Amino acid sequence: MFVFVLNKNGKALMPCKPQKARVLLKRGDAKVIKRTPFTIKLIGGSSGYKQNLIGGMDTGSKTIGCAVVGLGQVIYQSQVALRQDVTKKLEQRAMYRRNRRGRKCRYRPARWANRASMRVNGRLAPSLKSKLDSHLRERDFIESILPISEWKVETASFDIHKITNPDVMGGDYQDGFQKGFYNTKAYVLNRDGYKCKSARKGKHSSKLHVHHIVFRSKGGTDTPTNLITLCETCHHDLHAGKFELKARKSRTKHATEMGILKSRLKSAWSFTETFGYETKFKREHILNLAKEHYFDAVAICLEDGEVVSQNNIVYFKRHISKGDYQLTKGARSEKRIPVGKLFGLKKHDLISTPQGTGFIKGKRSTGYFALETITGEKVHASANVKKNTVRVSARTTTLIQQMEAAIPPTAKAMGILAA
């Protein structure tokens, strides 16, 4: 374990051992400014001597892995779970807004694409912007506690055609599904056998339409996987809300997002680019470590053949929204949801109780809360918070918890575990 050190101006210095930090705190030469990860700030001056520290990042659409290596050992490693709920929350907000317009301003016309943010060149969708900001936020946090000399970042390129059609071979890339068809509509009609695919019983119209399974207004695309053949009758009934089609999950969503994130990170950040095959070889054959994002980040930091002492501490993080804004629930909004403090505690506060320590997952007015770890594992389904409860940390947009790294016995036997 390392203690991270800042000078009196808040600039990052080289970390120290807990023993030295304990002496500095006892003498009054430093003060604690952060508990996880444990960080102290010097009261007086310092030499400011710094050594070479390499930062590594394993980018991702769902999870980020980060590590810092120096002095022949792993100094810091973290794994960050990104938000996947941005799109859903924006759709919910739009629904509330439309409902409110009808209630409070009945004849007000809808405002469509007149927002300034919609006309900005190079605009990113909010869900993608959240993920890009999460990468840069973790970079900035690490640089705030450690003097990084160089960054190495693993980027990925995905073959979307190969994902959608695993059997494609070299020359077959010119022979796509739509080859020989005038347009996408002609291909979809032929693919569906010129028949209505609504699976409804009864008489169908002879006139056929091509329908978007996920509407364009909700982020749907014009790709054939999002299109289906419907007869005119079923098409009208579907838009009238008489039945629903089940949307198919996209197989290329995260691959597409990674392509966008890769280009944006390159334009916003100067780093040395590495690739997945290099990371995998160093992690498996040199370090002999299991597949974890933070272990990938350690491998990214290293040169070919380099071995370091592994750190058994990893910081798990999760990015969440600022707050919970839904105030009521029920068919007629008759049940109020306690979004503020209950017994002095909010959702996602980290608390310590006799039944266990964890983040508040659910609150009850009876004083019995559900607790979970940062990775979503259950700590206790009904912990009593009315007495003998201590709030370890308040809710922020980045939850953090220190845990033990999953170092396999084979790696320990190789002697790469730091004392």
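Residues numbered from 1 in each chain as written. Predicted model: local features only at pLDDT ≥ 70, side-chain atom pairs only at ≥ 80, totals over all residues. Heavy atoms only, no water.

1. Brief notes about the sheet that holds strand β5 (residues 63-70)
Link 1 in the chain: Spatial strand order, β10-β7-β4-β5-β6-β11-β19: seven strands in an open sheet with mixed pairing. On the outer flanks of this sheet lie β10 (272-274) and β19 (398-404), each paired with one strand and no other. Direction aside, the axes of adjacent strands within the sheet are offset by 20° on average.
Link 2 in the chain: Strands β4 (54-58), β5, β6 (73-81), β7 (150-154), β10 and β11 (313-319) of the sheet are contacted by helix α9 (residues 293-301), whose axis makes an angle of about 40° with β5. (Pairing = 2+ DSSP bridges. Helix = DSSP H or I, 4+ residues; strand = E, 2+ residues; numbered from the N terminus. Axes fitted to C-alpha atoms, helices over the stretch in contact; angles between N-to-C directions. Contact = heavy atoms within 4.5 Å.)

2. As for the sheet that holds strand β14 (residues 350-353)
Link 1 in the chain: The antiparallel open sheet is built from five strands, whose spatial order is β17-β16-β15-β14-β18. At either margin of the open sheet sits one strand with a lone partner, and together these are β17 (378-384) and β18 (390-393). Within this sheet the neighbouring strands show an average axis-to-axis angle of 45°, counted without direction.
Link 2 in the chain: Taken together, the three bridges between β14 and β18 define a ladder with antiparallel strand orientation. Paired with Ser352 across the strands is Val390, a residue of β18.

3. Here's the deal with the nonpolar core
Link 1 in the chain: Grouped together as the largest cluster of nonpolar side chains are 31 residues, with contacts concentrated most on Tyr76, Leu146 and Trp269.
Link 2 in the chain: Breaking this core down by element, the ones donating at least two residues are β5, β6, α3 (126-145), β7, α7 (253-268) and β11.
Link 3 in the chain: No other element matches α3, which puts six residues into this core.
Link 4 in the chain: Setting aside residues no more than four positions away along its own chain, Trp269 makes contact with Met57, Leu136, Arg139, Trp151 and Val153.
Link 5 in the chain: Core analysis: the second largest hydrophobic core is formed by 23 residues, Phe295, Ala299, Phe316 and Ile374 among them. (Core = buried A, V, L, I, M, F, W, Y, C linked by side-chain atoms within 4.5 Å. Buried < 20%, exposed > 50% of the residue type's maximum accessible area, 1.4 Å probe, protein only.)

4. Digging into the pairing of β14
Residues in a regular strand project their side chains so that they alternate between the two faces of the sheet.
Link 1 in the chain: Of the pairings in the sheet, the one linking β14 to strand β15 (residues 356-362) comprises four bridges and is antiparallel in character. If you follow Leu350 over to β15, its bridge partner there is Phe359.
Link 2 in the chain: Between the end of β14 and the start of β15, which pair antiparallel, lie two residues.

5. A word on unusual backbone geometry
Link 1 in the chain: Geometrically, the link from Thr36 to Pro37 is a cis peptide bond, its omega value of -10° lying close to zero.
Link 2 in the chain: By the element assignment, Pro37 lies in the loop between β2 (30-35) and β3 (38-42).
Link 3 in the chain: Despite not being glycine, Phe343 shows a phi value in the positive range, around 60°.
Link 4 in the chain: Locating Phe343 in the fold gives a position in the loop between β13 (335-336) and β14.
Link 5 in the chain: Within the chain, Asn388 stands out as a residue other than glycine whose phi angle is a positive 55°.
Link 6 in the chain: Within the secondary structure layout, Asn388 lies in the loop between β17 and β18.
Link 7 in the chain: Residue class for Asn388 comes out exposed when judged on its relative accessible area of 62%.

6. Looking at the packing of helix α8 (residues 276-286) against α9
A pair of packed helices can be characterised by two numbers: the angle between their axes and the separation between those axes.
Link 1 in the chain: Packing of α8 against α9 leaves a shortest axis separation of 8 Å and a crossing angle of 100°. Relative to α9, the element α8 is oriented roughly perpendicular. Contacts from Thr279, Lys282 and Arg283 of α8 reach α9 at Phe295, Asp296, Ala299 and Ile300.
Link 2 in the chain: Residue composition of the contact of α8 with α9, grouped by class: three nonpolar, one polar and three charged. (Parallel < 35°, antiparallel > 145°, perpendicular 65-115°, else oblique. Nonpolar A, V, L, I, M, F, W, Y, C, P; charged D, E, K, R; others polar.)

7. Quick word on the pairing of strand β9 (residues 227-231)
Link 1 in the chain: Of all five residues that make up β9, five are buried, and the element is covered over most of its length.
Link 2 in the chain: Of the pairings in the sheet, the one linking strand β8 (residues 208-212) to β9 comprises five bridges and is antiparallel in character. Its bridge partner being in β9, Leu208 is matched across the sheet by Cys231.

8. Regarding the environment of Arg27
Link 1 in the chain: Inspection of the secondary structure assignment puts Arg27 in helix α1 (residues 18-27).
Link 2 in the chain: For Arg27, a relative accessible area of 56% corresponds to the exposed category.
Link 3 in the chain: Sequence separation of Arg27 and Ala116 is 89 residues, and the distance between their C-alpha atoms is 55 Å.
Link 4 in the chain: A polar contact is formed between the side chain of Arg27 and the side chain of Asp29, at a distance of 2.9 Å. (Polar contact = N/O pair within 3.5 Å; in protein donor to acceptor, adjacent residues only side chain to side chain.)

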